[in-house]
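Per-entry structural report
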Amino acid sequence: MGHFGVDLSGRVALVTGASRGIGRAIAQALADAGADVAVNCHQHVERAQAVAAAIRSGGRRAIVIAADVSQRQAVLAMVERVARELAPPDILVNNAGIATVREIDALDEADFDHSISVNLKSAFLCIQATLPAMRARGWGRIVNISSAAARGAGVVGVHYNAAKAGLEGLTRGYAARLASAGITVNAVAPGPIDTDMAEPLRRTEAFRHIPVGRLGTPDEVAQVVLMVIANAFLTGQTVAINGGVLLA
Ligand code: NAP
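Our subject in this report is the structure included herewith. (Residues numbered from 1 in each chain as written. Predicted model: local features only at pLDDT ≥ 70, side-chain atom pairs only at ≥ 80, totals over all residues. Heavy atoms only, no water.)

1. Focus: the overall build of the protein chain
When helices and strands are counted, the protein chain shows six helices and seven strands. Secondary structure elements of the protein chain, listed N to C terminal, follow the sequence β-α-β-α-β-α-β-α-β-α-β-α-β. In terms of overall dimensions, the protein chain is globule-like: its C-alpha atoms have a radius of gyration of 17 Å, near the 18 Å expected for 248 residues. Principal-axis analysis of the C-alpha atoms gives the protein chain an extent of 45 × 35 × 35 Å. Per-residue burial over the protein chain gives 50% buried out of 248 residues. Contacts in the protein chain between residues at least 24 apart in sequence constitute 73% of all its contacts with a sequence separation of at least 6. For the protein chain, the accessible surface area stands at approximately 11,100 Å², while carbon and sulfur atoms represent 53% of it. Between the averaged position of the 23 positive side-chain charges in the protein chain and that of its 21 negative side-chain charges there is a distance of 7 Å. (Helix = DSSP H or I, 4+ residues; strand = E, 2+ residues; numbered from the N terminus. Rg over C-alpha atoms; globule rule 2.2 N^0.38 Å. Buried < 20%, exposed > 50% of the residue type's maximum accessible area, 1.4 Å probe, protein only. Contact = heavy atoms within 4.5 Å. Areas by Shrake-Rupley, 256 points an atom, 1.4 Å probe, with all protein chains shown as cover. Lys, Arg positive; Asp, Glu negative; His and termini not counted. Charge placed at Lys NZ, Arg CZ, Asp CG, Glu CD.)

Below is the structure:
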């Protein structure tokens, strides 16, 4: 039995954007619960290698795959490599994301498209690529990392609101269609969490008004992800973890 009473031994997990921040904590928590883990990153390969090394030192298998998850070919190659070197993923955590702060008048089409590609289309691509093996096995867990910005205004911009709200729609649509196949699909929606992404947001007014009085930690988000993965009757939901921030 690993973390939080969840036993994932024999399972293979793919965590996107696991080189740092929330994804890193999720990758480690999954390994602590017994899973072998594929650690995806985009550019910070050395940081991803450190995450994989920590997982291996705990006795689990881990591989690093640098791939831009907004690109279909890169995602297909990534999932093929996980299958070859570990096994086809039983657990997919779509965590990779970007939050480029833009006020309404500064937001251009390229910013909008990029936010949708990296924060939303990536999840579609990763789900489509991992689904056949989950279906064949009759068991799967998909967790999409959304944000409080899916429902509130937040501090990043409308491109981020739209992408994260879209991700929650994607979650419900897949969940409804996959429930009978033994595959649950849920979203976890963090409020402000202490990572690199939160750095430029610290000075904003919203960050000074977190009811709990501090930023959340990546480990606190990972704990919720593990809870979601452990529960076979929870599907199509968004679980919020936000220190009491409702609508920023
Ligand atoms: P972070 O510290 O900025 O880390 C982002 C991760 O995503 C990194 O591992 C990065 O890889 C990876 N990534 C970015 N673009 C990618 C791409 N195109 N392909 C593959 N990987 C990519 O962010 P974080 O705070 O941990 O956020 C993780 C998730 O939580 C995101 O979806 C974010 O929207 C969500 N979230 C965060 C907060 C918060 O306050 N921090 C709040 C709500 C939701 P490299 O290291 O290689 O660049």
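2. Quick word on the pairing of strand 6 (residues 183–190)
Within a regular strand, the side chains alternate between the two sheet faces. Burial within strand 6 is extensive, with eight of its eight residues counted as buried. Residues Ile183, Val185, Ala187 and Ala189 of strand 6 are buried on one face, and the alternating residues Thr184, Asn186, Val188 and Pro190, pointing to the opposite face, are buried as well. Strand direction decides the pairing type here: strand 5 (residues 140–145) and strand 6, joined by six bridges, are parallel. Bridge pairing in strand 6 places Val143 opposite Asn186. Read from strand 5 through helix 5 (residues 158–178) to strand 6, the crossover connection turns out right-handed. Strand direction decides the pairing type here: strand 6 and strand 7 (residues 238–241), joined by four bridges, are parallel. (Pairing = 2+ DSSP bridges. Right-handed = clockwise from strand over helix to strand, strands pointing away.)

3. Some details on the site of the ligand
Contacts to the ligand come from 31 residues, most closely from Ser19, Arg20, Gln43, Tyr160 and Thr195. The separation between an oxygen atom of the ligand and a polar main-chain atom of His42 is 2.8 Å. Between the ligand and Asn95, the relevant distance is 2.7 Å, taken from an oxygen atom to a main-chain nitrogen or oxygen of the residue. Of all the secondary structure elements, the ones that give two or more residues to the shell around the ligand are helix 1 (21–32), strand 2 (36–41) and helix 5. (Near = heavy atom within 4 Å. Polar contact = N/O pair within 3.5 Å; in protein donor to acceptor, adjacent residues only side chain to side chain.)

4. Focus on the packing of aromatic side chains
Applying the stated criterion across every chain, the model contains zero aromatic pairs. Taking NZ or CZ as reference, Arg11 lies 3.6 Å from the ring centre of Trp139, over its face. (Phe/Tyr/Trp six-rings, centres within 6.5 Å; stacked < 30°, edge-to-face > 60°. Lys NZ or Arg CZ within 6 Å of the ring centre and 35° of its normal.)

5. Some points on the sheet that holds strand 2
The strand order 3-2-1-4-5-6-7 describes an open sheet built from seven strands, whose pairing is parallel. Of all the strands in the sheet, the pair left with one neighbour each is strand 3 (62–66) and strand 7. Adjacent strand axes in the sheet meet at a mean angle of 15° when their direction is disregarded. Contacts between helix 5 and the sheet are confined to strand 5, strand 6 and strand 7, with strand 6 contributing the most and set at about 160° to the helix. (Axes fitted to C-alpha atoms, helices over the stretch in contact; angles between N-to-C directions.)

6. Comments concerning the packing of helix 3 (residues 72–85) against helix 4 (residues 109–137)
Where helix 3 meets helix 4, the axes come as close as 9 Å, and the angle between the chain directions of the two elements is 35°. Where helix 3 crosses over helix 4, the two elements pack in a sense that is right-handed. Residue-level contacts link Arg72, Val75, Leu76, Met78 and Val79 of helix 3 to Leu125, Cys126, Ala129 and Thr130 of helix 4. (Left-handed = near helix turned anticlockwise from the far one by under 90°.)

7. Brief notes about helix 3
Helix length check: helix 3 (14 residues) gives 20 Å between terminal C-alpha atoms against 20 Å at 1.5 Å per residue, within 8%. Three or more residues of helix 3 are buried, namely Val75, Met78, Val79 and Val82. When helix 3 is viewed along its axis, its buried side chains cluster within an angular range of 90° and face the same direction. Residues Gln73, Glu80 and Arg84 are exposed on helix 3 and point more than 90 degrees away from its buried face. Looking at the buried residues of helix 3, the elements they touch are strand 1 (12–15), strand 2, strand 3 and helix 4. (Expected span 1.5 Å × (residues − 1). Arc of directions from axis to C-beta.)

In short, geometric facts, not functional conclusions.
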